[in-house]
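The chain contents come next:
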Amino acid sequence: GRVVAAMADPFPEVAGRGFARLRDAGIATECGLLESEARSLNAPYLKRLSTGLPWIIAKWAMTLDGRIAAASGDSRWISGEASRAEVHRLRGRVDAIVVGSGTVTADDPLLTARPAGPRVASRVVLDSTAQLSSDSQLVRTVDQAPVVLVCGPQAPDAAVARLNGAGVDVRRSALADPTARLVEVLRQLADRGATNVLIEGGQRVVGSLLDAELIDEVFAFVAPKLIGGREAPGPVGGRGRTRMADALRLIDPVVTRFDDDLLIRGRIDRTS
């Protein structure tokens, strides 16, 4: 017989041993069939092995004029039921979901997959001073899915103790920079096997990760609505790019319709 594979497993504890055993047993092996396609499918796993970081997906819903909320802060609901059901399917396939404290304060999200998917994602909150409310949906459902809170050195001891006592996994970092703290916890999650991480907001978190070139894939839901308003926020903050020629592009973006909404998804091109 003959075994044909797309690629060898790069995991250090495997590293081609399977091929060697097959060859020792007298079975012909061939590697490389559709290797580029295999690498694309396995990109999250390969990234974690090579960089120590998970595959990072940014997801947002916005109006046709690029707002994720009205100037008042109201955002319920930009997208329709079919789009929200797709978000729940996505949540059920990732290992962690990350939000900033502003999103938690404004929306009090649950961040679980409903119905449940094959994975139960850890819910990660970036909260410099550990002010997450004990009455929030996240804390009240900590027994359903883990809650990890990432705070800075300035977080009060009493706040950390309160949340630890409620079952929250509080990670108080010595790093002053919030983005550096996020990268630190992403590495910790990857060390524990997290391969896919979903960033659900808000503007500051997505912008800082995009500036740091850490986002790998985008899911952008666009609703056929116009809300306007100079103070209405867009999905991506941060420094951004100063020239349109330097804008990040998606590789072979896919457009899918969910009732009246459009989902534009694709991987960020890192080759240019």
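This is a predicted model, so every value here is computed, not measured.

Draft legend 1. Seen up close, the pairing of strand β4 (residues 96–100). Across the five residues that make up β4, a large majority, five, are buried. Two strands pair when backbone bridges link them, and β4 and strand β5 (residues 122–126) are joined in this way by five bridges, in the parallel orientation. Opposite I97, over in β5, you have R123 as the bridge partner. For the crossover that starts at β4, traverses helix α5 (residues 101–107) and ends in the parallel β5, the hand is right-handed.

Draft legend 2. Focus on unusual backbone geometry. Backbone torsion omega between R114 and P115 reads 0°, so that peptide bond is classified as cis. Summarising the element assignment, P115 is placed in the loop between α5 and β5. With an omega of 0°, the peptide bond between G201 and G202 qualifies as cis. A positive phi angle, near 45°, is found at D108, a position not held by glycine. With respect to the helices and strands, D108 occurs in the loop between α5 and β5. Its identity is not glycine, yet A130 carries a phi of approximately 55°, on the positive side. Tracing the backbone shows A130 in the loop between β5 and α6 (137–140).

Draft legend 3. View of the nonpolar core. With 33 residues, the main nonpolar core has A130, L132, L149 and L163 as its most contacted residues. Of all elements in the fold, only β3 (55–63), α4 (81–91), β4, α6, β6 (147–151), α7 (157–165) and β9 (217–223) reach the threshold of two or more residues within this core. Among all residues touching L163, those that are not within four sequence positions of it are A130, L132, V139, L149, V168 and V170. If you look at the next biggest cluster of nonpolar residues, it comprises 28 residues, including A96, V150, V205 and I268.

Draft legend 4. Main features of helix α8 (residues 178–191). With 14 residues, α8 should cover 20 Å at 1.5 Å per step; its first-to-last C-alpha distance of 20 Å lies within 8% of that length. Listing the buried residues of α8 in full gives R181, L182, V183, V185, L186, L189 and A190. Following α8 by one or two positions, G193 has its phi on the positive side, about 100°.

Scoring rules and cut-offs
Residues numbered from 1 in each chain as written. Predicted model: local features only at pLDDT ≥ 70, side-chain atom pairs only at ≥ 80, totals over all residues. Heavy atoms only, no water. Buried < 20%, exposed > 50% of the residue type's maximum accessible area, 1.4 Å probe, protein only. Helix = DSSP H or I, 4+ residues; strand = E, 2+ residues; numbered from the N terminus. Pairing = 2+ DSSP bridges. Right-handed = clockwise from strand over helix to strand, strands pointing away. Core = buried A, V, L, I, M, F, W, Y, C linked by side-chain atoms within 4.5 Å. Contact = heavy atoms within 4.5 Å. Expected span 1.5 Å × (residues − 1).

Scope: geometric values only; no functional claims are made or implied.
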